[in-house]
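Listed below, chain by chain, are the residues.
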Amino acid sequence: MERPDGRTPNQLRPLACSHSVLHRAHGSATWAQGETKLLAAVYGPKAGAKKNENPEKASIEVIWKPSTGHAGQAEREYEMILKKTLESICIRTIYPNTTTSVIVQVVHDDGALLPCAINAACAALVDAGIPLKHLAVAICCSVTDDNCIILDPSKQEEKKAKAFAYLVFPNTTVTVVPEKSSQGGSDPTAHGIITSVTHGAMSVDNYLHCLERGRATTQRLSEFLRKNIEPKSIREASKAG
């Protein structure tokens with residue numbers, strides 16, 4: 001199958017990631033896949049939990065800012081999905097009764113926007129030194145009219161797809177997890193999936209193929225993410241040393 005940009009069905013767009021791009025944020029990162037680019041900023045933990053949140057756990061607040069105009073229903077949905085995803089990877093018992101705010105700014109949307117936002121937010125959380133159970137990597141798989149599965153679709157490909165899935169997979173434990181909070185045994189999500197959101201109608205077989213393609217890409221995304229981010233505390237300690 002030929003794609004408009006010449007990629008193979010399993011080929012990602014070029015990846016780019018930068019961290020500590022905002023001086024006043026506790027953590028920040030940009031994430032780009034092809035022409036899709038987002039900026040994520042983390043502020044906190046700040047004292048006090050959000051309303052209707054469990055005070056015995058840390059709260060995660062997500063604010064989505066579109067590139068133009070005001071946030072609408074789609075942005076509210078993105079905020080909810082991103083919040084649930086981040087809550088599942090953050091160790092929320094370490095700083096109870098606090099709120100960490102994650103602000104996602106869309107710079108340019110050329111497809112696979114939500115997965116790119118999740119990758120940007122995860123990189124920003126690591127940059128801020130927020131304790132995490134593990135990294136999370138997100139990917140979009142789309143299904144064409146002839147039931148071909150393609151990875152990381154562009155905006156043009158998304159518009160032509162009959163269905164697509166946003167998939168978030170866990171990675172191994174990262175260095176921002178304090179030793180005392182590490183637990184023995186395997187994480188039940190270590191070989192599973194954190195978040196799955198589908199749009200359009202796809203068969204069970206197509207969905208399973210999307211899972212297979214997405215999981216196979218996890219290692220590439222994880223390796224790229226780990227090479228491009230590390231907590232500020234580690235960077236500052238290495239500079240001091």
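Participant: How would you explain the packing of aromatic side chains if you had to name every residue and give the values?
Facilitator: Here the structure, examined in full by the defined rule, presents 3 aromatic pairs. Where Trp31 meets Phe224, the ring centres are 5.5 Å apart and the plane angle is 85 degrees; that geometry is what we call edge-to-face. Taken together, the positions of Trp31 in strand S2 (residues 27–33) and Phe224 in helix H4 (residues 204–228) put the pair 193 residues apart, joining distant regions of the chain. Note on Phe224: relative accessible area 18%, which makes it buried. Judged by centre distance (5.4 Å) and plane angle (55 degrees), the ring pair of Phe164 and Tyr166 falls under tilted. A relative accessible area of 14% places Phe164 in the buried class.

Participant: Describe in detail the environment of His19, supporting the description with residues and values.
Facilitator: On the secondary structure map, His19 appears in strand S1 (residues 15–19). Placed 20 residues apart in sequence, His19 and Leu39 show a C-alpha to C-alpha distance of 9.6 Å. A polar side-chain atom of His19 sits 3.3 Å from the main-chain carbonyl oxygen of Asn228.

Participant: Can you break down the sheet that holds strand S7 (residues 149–151) residue by residue, with the values?
Facilitator: Reading across from one edge, S7-S6-S8-S9 is the order of the 4 strands in this open sheet, with antiparallel pairing throughout. The open sheet has two free edges, formed respectively by S7 and strand S9 (195–200), since each of these has just one partner strand. If you compare each strand with its neighbour and ignore which way they point, the axes differ by 20 degrees on average. Inspection of the sheet shows strand S6 (residues 136–143) paired to S7 by 3 bridges, in the antiparallel sense. Paired with Ser142 across the bridge in S7 is Ile150. Helix H2 (residues 113–128) rests against S6 and strand S8 (163–170) of the sheet, and its axis sits at about 175 degrees to S6.

Participant: Provide a residue-level description of the nonpolar core, including the pertinent values.
Facilitator: Counting residues in hydrophobic clusters, the biggest one holds 59 residues, and the most contacted among them are Leu38, Trp64, Leu86 and Val102. The leading source of residues in this core is H2, at 12 residues. With residues up to four places along the chain from it excluded, the contact list for Trp64 reads Leu38, Ala71, Glu75, Arg76, Tyr78, Glu79, Leu82, Val104, Val106, Leu113, Leu114 and Ala117.

Rules used throughout
- Residues numbered from 1 in each chain as written.
- Predicted model: local features only at pLDDT ≥ 70, side-chain atom pairs only at ≥ 80, totals over all residues.
- Heavy atoms only, no water.
- Phe/Tyr/Trp six-rings, centres within 6.5 Å; stacked < 30°, edge-to-face > 60°.
- Helix = DSSP H or I, 4+ residues; strand = E, 2+ residues; numbered from the N terminus.
- Buried < 20%, exposed > 50% of the residue type's maximum accessible area, 1.4 Å probe, protein only.
- Polar contact = N/O pair within 3.5 Å; in protein donor to acceptor, adjacent residues only side chain to side chain.
- Pairing = 2+ DSSP bridges.
- Axes fitted to C-alpha atoms, helices over the stretch in contact; angles between N-to-C directions.
- Contact = heavy atoms within 4.5 Å.
- Core = buried A, V, L, I, M, F, W, Y, C linked by side-chain atoms within 4.5 Å.

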